[in-house]
Structure formats: structure tokens, C-alpha cells
Amino acid sequence: MELVGEITADRPLLVLAVKEEAQFLGTGLPMLLTGMGKVNAAVALATALARGPRPSLIVNLGTAGALRPGWTGTHVVSTVIQHDLDTGLLRSLTGETYGAALTLDGDGGPVLATGDAFVADADARDRLAARAHLVDMEGYALATAAAQAGVPLRIVKHVSDEADEGAVRSWRESVAGCAEALARWTARHLAGHF
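From a predicted model like this one, the values you see are computed outputs, not experimental measurements.

1. Focus: the overall build of the chain
The helix and strand inventory of the chain stands at six helices and 10 strands. Relative to the compact-globule value of 16 Å for 194 residues, the chain shows a C-alpha radius of gyration of 16 Å, a close match. Based on the C-alpha atoms only, the size of the chain along its principal axes is roughly 40 × 40 × 30 Å. Taken over 194 residues, the chain has a buried fraction of 53%. Residue pairs at least 24 apart in sequence account for 75% of intrachain contacts in the chain once pairs closer than 6 positions are excluded. Carbon and sulfur atoms make up 52% of the accessible area of the chain, which amounts to about 8,900 Å² in all.

Below you can see the structure in the form of C-alpha cells.
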């Protein structure tokens, strides 16, 4: 976990998993690097929010794998799910719902599936495509932490790969271009907050 800058109540907090995704952000906004995966993301954001003050908005910027053919570019997510938690089974065991889908203010944008596994297998991708458009490793955890703290969250993902056997190589080759696209999105949509 690394916090760059100071969180204030009148500005958004940018949240990214790794420095490679943040390499072109020169916004002057506070930025939290969480590390990869749901646990790292949830712990880092919850810790930053508990220390206070809370930001006006949390903006999660990052890369995502495309689960469906033709998905490219930058997307504002409308719904986030956990793909590696068996919500139905847990409900049958306990009568409680754990890991229900979370709706965000994404204006009809895609569904993001979050899980701790880096999806790099066409069969896994195809199974997930029935439920979501994109896949990442932090979104659901960040959405949960933000909701618990009462801070609005926007998730913005740039497609880095096709979540298949070439995903690891594709991510490494495309992360710089993705970081540039995310920096452009930030400059265009958060300009009034610098």
C-alpha cells in the first residue's frame, strides 16, 4: 500500500493496483496504490478511509480483461460482481447473501467480474462472459470498502487483454498504453478537481 499525496474531503482519491497503471498520472490528485488482488485492495482502501478525512469520490482506475469479442477501450463500470465466490451455495448454507452484485453509477456501462485469479484461459473467460463484460482483480473489493464507508465510487477500466492464454504477455505489452488512456480519461473527466 502506498499513498501519494494527501486525501482531502473536497477532492477525489484515485485508486490503482500497481504503479504501472499509474505511470502517466500527473493530476495532483491523491493516489492510493493498493497492490493486486481483492484482499490488498480492500485492506488498503479501508485503512486509508479509516485514517480520514474521506475523499469526495473514489475513482478506481485500472486494466481489465475483455470477456467478450470486440471489447476494447475505456469503460465506466455500472455493476461489479465477484466471480470466485459461490454466493448461491453460501446462501443455501447460511440463509444470508454474501457477495451480491453491487450497482454503481456507471450510466449503463459494463458488468465487471472481480476475482483473485488473473484470467488467462479461454474456457474460464467464456464461462465468465455469460455474467460479465470485463474482468479484474480489485473492483468488487474497492466497491465494498467504499460502500461501507459511505463514499461514492466510480470504476474506470481500460481493456488490456482478451483474458485468454495470451493475457499475461498482452498485459505486459499493453499496460503503458492503458496507463496513457486512463490518464487521458482522468484529465478529461476530473479536470475540475485538480
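2. Some remarks on the pattern of salt bridges
Per the stated rule, a full pass over the model turns up five salt bridges. In this structure, glutamate 20 engages lysine 19 in a salt bridge whose closest nitrogen and oxygen atoms are separated by 3.9 Å. On the basis of relative accessibility, which here comes to 59%, the residue lysine 19 falls in the exposed class. With its nearest N and O atoms 3.1 Å apart, the salt bridge here joins arginine 125 to aspartate 126. Under the relative-accessibility criterion, arginine 125 is labelled buried at 16%. Owing to a relative accessible area of 43%, aspartate 126 belongs among the partly exposed residues under this scheme. Linked by salt bridges that have partners in common, Arg125, Asp126 and Asp164 make up one network.

3. Some points on the environment of valine 119
With respect to the helices and strands, valine 119 occurs in the loop between β8 (111-114) and α4 (122-129). According to the relative accessible area criterion, valine 119 is buried, its value standing at 10%. Residues in contact with valine 119, not counting those within four places in the same chain, are His83, Ala124, Arg125, Leu128, Val135, Ala163, Asp164 and Ala167.

4. Things to note about the nonpolar core
Core analysis: the largest hydrophobic core is formed by 28 residues, its most contacted members being Val15, Leu32, Leu45, Ile58, Leu104, Leu112 and Leu153. Among the elements of the structure, β2 (12-16), α2 (38-51), β4 (57-66), α5 (139-149) and β10 (153-161) are those that each provide at least two residues to this core. If one sorts the elements of this core by residue count, α5 sits on top with seven residues. Other than its neighbours up to four places away in sequence, isoleucine 58 contacts Leu13, Val15, Leu45, Leu49, Ala146, Val151, Pro152, Leu153 and Arg154.

5. Concerning the packing of α2 against α5
Between α2 and α5, the shortest axis-to-axis distance is 8 Å and the interhelical angle comes to 25 degrees. Between α2 and α5, the crossing angle belongs to the class labelled roughly parallel. In terms of crossing hand, the pair formed by α2 and α5 is right-handed. When α2 is examined against α5, the residues Lys38, Ala41, Ala42, Leu45, Ala46 and Leu49 are found in contact with a partner set consisting of Ala141, Leu142, Ala145, Ala146 and Ala149. Looking at the contact of α2 with α5 residue by residue, the class counts come to 10 nonpolar, no polar and one charged.

Reading guide: rules and limits
- Residues numbered from 1 in each chain as written.
- Predicted model: local features only at pLDDT ≥ 70, side-chain atom pairs only at ≥ 80, totals over all residues.
- Heavy atoms only, no water.
- Helix = DSSP H or I, 4+ residues; strand = E, 2+ residues; numbered from the N terminus.
- Rg over C-alpha atoms; globule rule 2.2 N^0.38 Å.
- Buried < 20%, exposed > 50% of the residue type's maximum accessible area, 1.4 Å probe, protein only.
- Contact = heavy atoms within 4.5 Å.
- Areas by Shrake-Rupley, 256 points an atom, 1.4 Å probe, with all protein chains shown as cover.
- Salt bridge = Lys/Arg side-chain N within 4 Å of Asp/Glu carboxyl O.
- Core = buried A, V, L, I, M, F, W, Y, C linked by side-chain atoms within 4.5 Å.
- Axes fitted to C-alpha atoms, helices over the stretch in contact; angles between N-to-C directions.
- Parallel < 35°, antiparallel > 145°, perpendicular 65-115°, else oblique.
- Left-handed = near helix turned anticlockwise from the far one by under 90°.
- Nonpolar A, V, L, I, M, F, W, Y, C, P; charged D, E, K, R; others polar.

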